[in-house]
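Summary of structural features
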Amino acid sequence: MSATPHPFDTLTPDFVMDALASVDLVGDGRLMALNSYENRVYLAHLEPGTPLADAHAAVVLKFYRPGRWSAAQIEEEHAFAHELMAAEVPVVGPLVLGGRTLHAHDGALFSVSPRRGGRTPELSDGETLEWIGRFIARLHTVGARRGFAQRLAVDVASYGTEPRDWLLAHGALPLEVERAWADISQKAIDCIADCADWTSAGGQKPSESGAVATLRLHADCHPGNILWTPADQPGGGPHFVDLDDCRSGPAVQDLWMLLPGERAERQRALVALLDGYEQMREFDRRELALIEPLRTLRLIHYSAWVARRWDDPAFPAAFPDFGTPDYWRGQIDTLVDQIEAMQAPPLVG
């Protein structure tokens, strides 16, 4: 682990409270760090009777990882969140304070959002999955209105080729497994390129060449990023709490991470999701053939994501086995399985 201080080391309680004060909010001194690897996130309680405290007893401050997204890319994420909220899609977006959603304090970029609780949804329940399907379709209806100007895309280049090349160029793999992983990851990428056919512009209709359309997505739609509140409560049901990874891509990117377990279980969950989705929006069944390619891309992207953040003390603590020969042997075996899965018939909806 590098002895060089990490930029997040400056985020002391005093620094966080000073950042809160810089946007004219007054904390009562209670501060709690929330789970987040990519950024640093804190729950701050506001002093009663001070600005915003009547509407929000507590707020969430998110400090963005330096160098990951530009200010323009973060602001485009925020604009997407507010566009969704204006369409009454239940997304928790940043507050507008002083006419802005993105703020800077002593070189650190941060946002302030309302606190919104909930639990992880029960993905074994068909009615819950159907509700989430409707919810995602509503998000995609807004996402298809236009494309991103600043954000990246979920594609073979940025999720497969670039992270693979980075890992090999930076000596991230032990020599005893490097060649085997390099060979199987390239074979997987070649297999993805053969079957992954989607366009790059947001909201486009399927082209005559057979490519499926892309649109603005959540792009990191796993169960941890969906919170559920009881249906009998105001605003009950699912809501997203994190658009930090929003990108453009095929609609199925926001569905496949919600498919649990083995193939039969995934098939049942997919049917329930699409039952809900198609109550609100048409779904192109050709995208089902992209599920395993997208899963494979995420595996390659994930390894590079962890490796690139190894100087952050939170990562060695959270991923103690990462980078060992056994870790990479496991990745090799998984990619072999994924190549087989990509060659199998896709799920049906």
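Thoughts on the overall build of the protein
When its secondary structure is counted, the protein shows 9 helices and 10 strands. Against the 2.2 N^0.38 benchmark of 20 Å for 349 residues, the protein shows a C-alpha radius of gyration of 21 Å, consistent with a compact globule. The dimensions of the protein, computed from C-alpha atoms along their principal axes, are 60 × 50 × 35 Å. Within the protein, the fraction of its 349 residues that count as buried is 48%. Residue pairs at least 24 apart in sequence account for 71% of intrachain contacts in the protein once pairs closer than 6 positions are excluded. Just so you have it, the protein exposes about 16,000 Å², and 51% of that area is on carbon and sulfur atoms. In the protein, 31 positive and 49 negative side-chain charges are present, and the distance between their average locations comes to 3 Å.

Describing the packing of helix H2 (residues 71-86) against helix H3 (residues 126-143)
As a packed pair, H2 and H3 sit with axes 10 Å apart at the nearest point and diverge in direction by 115 degrees. Pair H2 / H3 crosses with right-handed handedness. Across from Phe80, Glu83 and Leu84 in H2, the residues of H3 making contact are Leu139, Val142 and Gly143. Classifying every residue of the contact of H2 with H3 by side-chain character gives 4 nonpolar, 1 polar and 1 charged.

Regarding the environment of Pro250
Structurally, Pro250 is set in the loop between strand E10 (248-249) and helix H6 (263-277). Classification of Pro250 by relative accessible area gives buried; the value is 0%. Distance from Pro250 to Arg216, taken between C-alpha atoms, is 8.6 Å for residues 34 residues apart in sequence.

Some words on the pattern of salt bridges
Tallying each qualifying case throughout the model produces 24 salt bridges. Between Arg40 and Asp312 there is a salt bridge, and its shortest N-O distance comes to 2.7 Å. In this pair, Arg40 is assigned in strand E2 (residues 40-46) and Asp312 in the loop between helix H7 (291-308) and helix H8 (314-318), connecting sequence segments 272 residues apart. An identical accessibility class is assigned to Arg40 and Asp312; each is buried. Measuring nitrogen to oxygen at the nearest pair gives 2.8 Å for the salt bridge that ties Arg298 to Asp220. Linking Arg298 in helix H7 with Asp220 in the loop between strand E7 (212-216) and strand E8 (226-229), this pair joins segments that are 78 residues apart in sequence. Judged by relative accessible area, Arg298 falls into the partly exposed class, the value being 25%. Salt bridges linked by common partners bring Glu38, Arg40, Arg65, Arg68, Asp244, Asp245, Arg309 and Asp312 together as one network.

Overview of the environment of Asp312
Judged by its relative accessible area of 0%, Asp312 is buried. Residues Asp312 and His105 lie 207 residues apart in sequence; the distance between their C-alpha atoms is 21 Å. Excluding residues within four positions of it along the chain, Asp312 makes contact with His6, Phe8, Tyr37, Arg40 and Arg65.

Some words on the side chain of Glu76
Here Glu76 lies in helix H2. Buried charged residue Glu76 carries no salt bridge. Nearest counter-charge: Arg151, at 5.5 Å. A polar contact is formed between the side chain of Glu76 and the backbone nitrogen of Arg151, at a distance of 2.8 Å.

Side note on the sheet that holds strand E3 (residues 58-63)
In space, the 5 strands of this open sheet follow the order E1-E2-E3-E5-E4, with antiparallel pairing throughout. Looking along the sheet, the strands with just one partner apiece sit at the ends: strand E1 (27-34) and strand E4 (103-105). Across the sheet, the axes of successive neighbouring strands diverge by a mean angle of 35 degrees, strand direction being ignored. The strands that helix H1 (residues 13-22) touches are E1, E2, E3, E4 and strand E5 (108-114); relative to E1, the one it contacts most, it runs at about 120 degrees.

Details of the pairing of E8
Both faces of E8 are covered, namely the face carrying Ile226 and Trp228 and the face carrying Leu227 and Thr229. Summarising the sheet, E8 and strand E9 (residues 237-240) pair through 4 bridges and their orientation is antiparallel. Bridge assignment links Thr229 to a residue of E9, and that residue is Gly237.

Quick notes on the rules
Residues numbered from 1 in each chain as written. Predicted model: local features only at pLDDT ≥ 70, side-chain atom pairs only at ≥ 80, totals over all residues. Heavy atoms only, no water. Helix = DSSP H or I, 4+ residues; strand = E, 2+ residues; numbered from the N terminus. Rg over C-alpha atoms; globule rule 2.2 N^0.38 Å. Buried < 20%, exposed > 50% of the residue type's maximum accessible area, 1.4 Å probe, protein only. Contact = heavy atoms within 4.5 Å. Areas by Shrake-Rupley, 256 points an atom, 1.4 Å probe, with all protein chains shown as cover. Lys, Arg positive; Asp, Glu negative; His and termini not counted. Charge placed at Lys NZ, Arg CZ, Asp CG, Glu CD. Axes fitted to C-alpha atoms, helices over the stretch in contact; angles between N-to-C directions. Left-handed = near helix turned anticlockwise from the far one by under 90°. Nonpolar A, V, L, I, M, F, W, Y, C, P; charged D, E, K, R; others polar. Salt bridge = Lys/Arg side-chain N within 4 Å of Asp/Glu carboxyl O. Polar contact = N/O pair within 3.5 Å; in protein donor to acceptor, adjacent residues only side chain to side chain. Pairing = 2+ DSSP bridges.

None of this, on its own, says anything about what the molecule does.
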